[in-house]
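A look at the structure
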Amino acid sequence: MRRTPRLLYAALLATVFLAAVAAGWTTLAAQLDADVYDFLFRLDQRVPPPASSVIYGIDEPTLRQGGGLAGLRGILADGLEKLAPCLPSVVALDIVLADETADTAANQRLARALGRLPYVVLASNLTRTGWENPRPEFPRNAVGHVHSDPDPYDNVVRQIPLEKVSGRERHWALALETFRGKFPGAVIEEDPRGLTIGGVRLPAAREAARPMLVRFRPAVSPVPEVSFAELAAKGNCTPFFEKAVLVGITAQSAAQDRHSTPLSFGQTMVGVAINANAYETLAQRRFLRPAGNLETVGLALGLTLLAGAIFYFLSGWKAYVSAAALLVAAHVFTWGAFRAGMVFPYTTPLASVWLGTAATASFQYFVTRRQLRKSEAERMRYQQAIHFVAHEMRSPLTAIQGSSELMGRYKLPEEKRSQMAQMIHSESQRLARMIQTFLDVERLSEGQMELAREPFAMGEVVRASMERAQPLAERKRMAMTLEALEECTLRGDRELMEYAVYNLLTNAVKYSPAGTRVTVRAGRAGAWLRVEVRDEGIGMDEKEARRIFTKFYRTRKAEQSGEAGTGIGLSIVQQIVAHHGGRIEVQSTPGAGSCFTMVLPVMEESRAEEPSR
Ligand code: ADP
């Protein structure tokens, strides 16, 4: 790619990247990220290790037998009395024991039952008026909050805050306190990026209340659930032995804290089950860590650059196959990262790779295609020129061949012989010139031509060129006049300059009807010399005038005129003028004539006498 397209390409990639990052900030993206998160969750069919907790639930039959919610304290006391002999390791109550109830007997019984358990976590709830803490008469080892963190847009619970602060009182989450119960005497060590407890590192950054993504167990292997009524009826203690037991209301009719989860398929999950899943996440250390901003932006940048590199270095099917592979890889990567416990947002990286691929592919298609078409056109013109030259060479060659044959075969009069020899000489010179011109063009355009840097008198150059062109003009009965000539010295290559002026003159003659005039003037304008060649010929329009310096370009009128030409003369003239530090201007009107002006820097008088360096 050339310089300008390269810069454009870089700008395009930068725009794509910024657009992807900006898109990632929108709420639409947040929702999309959340939906993809849920989708990946459901896609992950791996069966986790067996649960180390049990939900001990107050279901409909339990409530019916215990006299409904009004008898909750009694029901709890009964249930916990039955649980104690099963030797659970930790018992957490997802029921707030804050109200003073009239049933003192039941309250006392409940307090006694709690006292008999090895490690008790009670629940606290933050209301508008502050923390609703359990009443002091109930023994406990810790108090944990029971809040989850439903998504503000779709109300799905994907994470819970591990920490909740109100005023000067702070509580850790019930699940975390339950987990701590497993490590007797353990403290929770805090740092800005996470928590450490009993040697276990929890990725929960301090900002936004230390959120922890809950790894919900799949439907095939949920946290086991035993109801109060079941334990009372069957007396089967095994499920509870040395387990963390989360006690809560599971009855559809009574549990108010129900929420959707990534796995819930429209059904909701009761609070105690959410807490049990949070506990499992901690106990099994199967954390899901959200990728940081830097990681996300880094991934997006990497993907954009890769998409850019593909269409920079490759083209055709290779580019498309690689781009498709990159797209697949980006999706597989997010999926793989999720399985490894790292959650990347969907929008930013994927938008960057989709947008990046689409933008760079279109760029390649349009820009590179255009370049290809251009070089194709150039090749065509080149071919045409070669054909033309071959054609042009044929006539001098035929003349040479014919004459030499005649000379060899017949005895010709001396006069005829010398005429033919002269013709052979001039025709072969013409051939040599044609070949030389062609070689010069190639060498000039590749910058290989050696240029002299010597002072020369431009007046002489103009006169010499005119002298050479005069016979051509006369043949067409055209007047070629020098209207003004200001002598001055230029520095450069005299030979080439003569070639340039001669070319302008022959063009003026070639592309003018017989009987018209060609006028030449050379005059100074400050530090510049302006050499004008004006004709009254076929002329050209503005669009054509811009293209005539392109190698092999010929105007339609010139082609129709029947004048021989290759369309390379002016491209050489332009390069010669440029090599001399000047420029060439054209003014032309179709049918009325053209004026070609070379504007060349004049050598300073004081230095004109110096020898060339
Ligand atoms: P050539 O004359 O061999 O075709 P040039 O490079 O000298 O190649 O010129 C390129 C084209 O520019 C010509 O084919 C013609 O169409 C146009 N052109 C050049 N000089 C004139 C002129 N004096 N008047 C009209 N057209 C011109």
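Residues numbered from 1 in each chain as written. Predicted model: local features only at pLDDT ≥ 70, side-chain atom pairs only at ≥ 80, totals over all residues. Heavy atoms only, no water.

Topic: empty space enclosed by the protein
- Inspection of every chain in the model, using the stated rule, returns 1 cavity of 30 Å³ or more.
- If you add up the space inside the largest cavity, you get close to 30 Å³.
- A class-by-class count of the residues in the lining of the largest cavity yields no nonpolar, 2 polar and 4 charged. (1 Å grid on protein atoms, 1.4 Å probe; cavity = no way out; pocket = protein on both sides within 12 Å on 5 of 7 lines; lining within 4 Å. Points joined across faces, edges and corners; volume = space filled by probe spheres on them. Nonpolar A, V, L, I, M, F, W, Y, C, P; charged D, E, K, R; others polar.)

What about the packing of aromatic side chains?
- As enumerated under the stated definition, the model contains 15 aromatic pairs in all.
- Measuring from ring centre to ring centre gives 5.9 Å for F41 and F338, while their planes differ by 70°; the resulting arrangement is edge-to-face. On the criterion of sequence distance, the pair formed by F41 in helix 2 (residues 27–43) and F338 in helix 10 (residues 316–339) is long-range, its members being 297 residues apart. By the burial criterion, F41 is buried, and F338 matches it.
- Residues Y56 and F228 carry aromatic rings whose centres are separated by 4.1 Å and whose planes lie at 25° to one another, so their mutual orientation is stacked. Separated by 172 residues along the polypeptide, Y56 in strand 1 (residues 53–58) and F228 in helix 7 (residues 228–234) bring together distant segments of the chain.
- Its relative accessible area of 4% is what places F228 among the buried residues. (Phe/Tyr/Trp six-rings, centres within 6.5 Å; stacked < 30°, edge-to-face > 60°. Helix = DSSP H or I, 4+ residues; strand = E, 2+ residues; numbered from the N terminus. Buried < 20%, exposed > 50% of the residue type's maximum accessible area, 1.4 Å probe, protein only.)

Focus: the packing of helix 14 (residues 494–510) against helix 17 (residues 569–579)
- Interaxial distance between helix 14 and helix 17 falls to 9 Å at its minimum, and their mutual angle equals 140°. Here helix 14 lies oblique to helix 17, going by the angle between them. For the pair helix 14 and helix 17, the crossing hand works out as left-handed. Taking contact as the criterion, the partners of L496, M497, Y499, A500, N503, L504 and N507 in helix 14 are, on helix 17, G569, L570, I572, V573 and I576. (Axes fitted to C-alpha atoms, helices over the stretch in contact; angles between N-to-C directions. Parallel < 35°, antiparallel > 145°, perpendicular 65-115°, else oblique. Left-handed = near helix turned anticlockwise from the far one by under 90°. Contact = heavy atoms within 4.5 Å.)

Comments concerning the state of the cysteines
- This model, assessed by the stated rule, comprises 1 disulfide.
- With its sulfur 1.9 Å from that of its partner, C86 forms a disulfide with C237. Here C86 and C237 share a disulfide; its torsion about the S-S bond, -70°, makes the bridge left-handed. Linking C86 in the loop between helix 4 (72–83) and strand 2 (90–93) with C237 in the loop between helix 7 and strand 15 (244–249), this pair joins segments that are 151 residues apart in sequence.
- Classification of C237 by relative accessible area gives partly exposed; the value is 25%.
- Looking at the unpaired C595, the closest cysteine sulfur is the one in C488, lying at 17 Å. (Disulfide = S-S within 2.5 Å.)

Points about the packing of helix 4 against helix 5 (residues 104–115)
- Between helix 4 and helix 5, whose axes approach to 8 Å, the crossing angle comes to 30°. Comparing their axes, helix 5 and helix 4 come out roughly parallel. The interaxial crossing formed by helix 4 with helix 5 has left-handed handedness. Across the interface between the two elements, R73, G74, L76, A77, D78, L80 and E81 of helix 4 pack against A106, N107, R109, L110, A113 and L114 of helix 5.
- Its residues placed into classes, the contact of helix 4 with helix 5 shows 7 nonpolar, 2 polar and 4 charged.

Examining the confidence of the model for the protein chain
- Scored by pLDDT, the protein chain has a mean of 89; 95% of the residues are at 70 or more.
- Looking over the protein chain, one finds the lowest element-wise mean pLDDT in helix 18 (residues 605–608), namely 56, and the highest in strand 2, namely 97.
- Between residues 608–613, whose pLDDT stays under 50, and residues either more than four places distant or in other chains, the model counts 10 contacts. (pLDDT = per-residue confidence, 0-100.)

Remarks on a positive patch on the surface
- Together, R369, R370, R373 and K374 line one region of the surface with positive charge.
- In this fold, R369 is placed in helix 11 (residues 347–409).
- By relative accessible area, which is 41% here, R369 ends up partly exposed. (Patch = residues over 30% accessible without salt bridge, like charges linked within 9 Å, V, L, I, M, F, W, Y side chains within 5 Å. Areas by Shrake-Rupley, 256 points an atom, 1.4 Å probe, with all protein chains shown as cover. Salt bridge = Lys/Arg side-chain N within 4 Å of Asp/Glu carboxyl O. Lys, Arg positive; Asp, Glu negative; His and termini not counted. Charge placed at Lys NZ, Arg CZ, Asp CG, Glu CD.)

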